[in-house]
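What follows is each chain in one-letter form.
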Amino acid sequence: PLWDRNKAADEDTAHLIMVAAAQLGLSGPLRLATGLPLSWWGDQRRAFKEALQGREARVTIPGRLPARLWVEEVLVLPQGVAAAGPILGQSPNLPGPYLVVDWGERTTDYIIVMKKADGRLDFDPAAAGSLELGCHAIATAIAARLTAQYHTPFQAAALEDLEAVAVRGQRVDLAPLREEATQSVTRQIGRALYEALGHRLEQVLGILAVGGGSPLLKEALPAVTQPLDAQWANVEGYLGSVAP
């Protein structure tokens, strides 16, 4: 949650990419596919690619020999769109329009995808965008509520995995606050999608929800389906874009 919005200047993200590659047992040249939220992709993809292209690292993981890696090729894809290909391309999904919603940490991306009779996908840029709402908004709302109620500052990033906090010798259960904040953010995302897409939201064969917050969308939208591992759906799409 503390990572910089400007991904090209975000060293933490670059470091994590190299560590992830080393954890997979890779070494030498890398063909890398990664992504950005739709609203950031247009302005940031070139700078993000340039920041990663040619990057070198020596990564040491405990119990393993050091790995030397360098990025030889980079492909920066829009989140959500990447997830749609391997999922909607499967045979059970009939040809026609689908809405793909990617509820992530900072943003919720959406795009209408048309599956053609031959299985190929066509994307409608006019029916796509990003909402500046994600899982982090839930923790932000909890922090704001605690800060206002107890007049002592709380940070959203520190609350995301906690069940309770201590305030002046008392244990404060976060479950009721988390439930209230979750319902509020879910309603906001549902309303924002209806406002952005209007009648087109009702004229799709189905809604594909991916991302860490996707289980919550079933409460806000009709006919929502999810892949088995919704949080890794974008990664599957990225891998399919660079795999031999």
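Residues numbered from 1 in each chain as written. Predicted model: local features only at pLDDT ≥ 70, side-chain atom pairs only at ≥ 80, totals over all residues. Heavy atoms only, no water.

1. Quick look at helix α6 (residues 175-197)
Taking 1.5 Å of rise per residue, 23 residues should cover 33 Å, and α6 covers 33 Å from first to last C-alpha, within 8% of that figure. All of the buried residues along α6 are L177, A181, T182, V185, T186, I189, G190, A192, L193 and L197. Buried residues in α6 make contact with β4 (96-103), β5 (108-115), β6 (121-131) and α4 (135-150). Looking one or two residues beyond α6, the residue adopting positive phi is G198, at roughly 55 degrees. (Helix = DSSP H or I, 4+ residues; strand = E, 2+ residues; numbered from the N terminus. Expected span 1.5 Å × (residues − 1). Buried < 20%, exposed > 50% of the residue type's maximum accessible area, 1.4 Å probe, protein only. Contact = heavy atoms within 4.5 Å.)

2. Considering the pattern of salt bridges
Tallying each qualifying case throughout the model produces 6 salt bridges. With its nearest N and O atoms 3.1 Å apart, the salt bridge here joins E11 to R55. Placement of E11 in helix α1 (residues 11-23) and of R55 in the loop between α2 (38-52) and β2 (56-59) is noted, with a sequence separation of 44 residues between them. Classification of E11 by relative accessible area gives partly exposed; the value is 36%. A salt bridge links R31 to E73, with the shortest nitrogen-to-oxygen separation between them at 3.8 Å. Of this pair, R31 sits in strand β1 (residues 28-36) while E73 sits in strand β3 (residues 67-78), and the two are 42 residues apart along the sequence. For E73, a relative accessible area of 41% translates into the label partly exposed. (Salt bridge = Lys/Arg side-chain N within 4 Å of Asp/Glu carboxyl O.)

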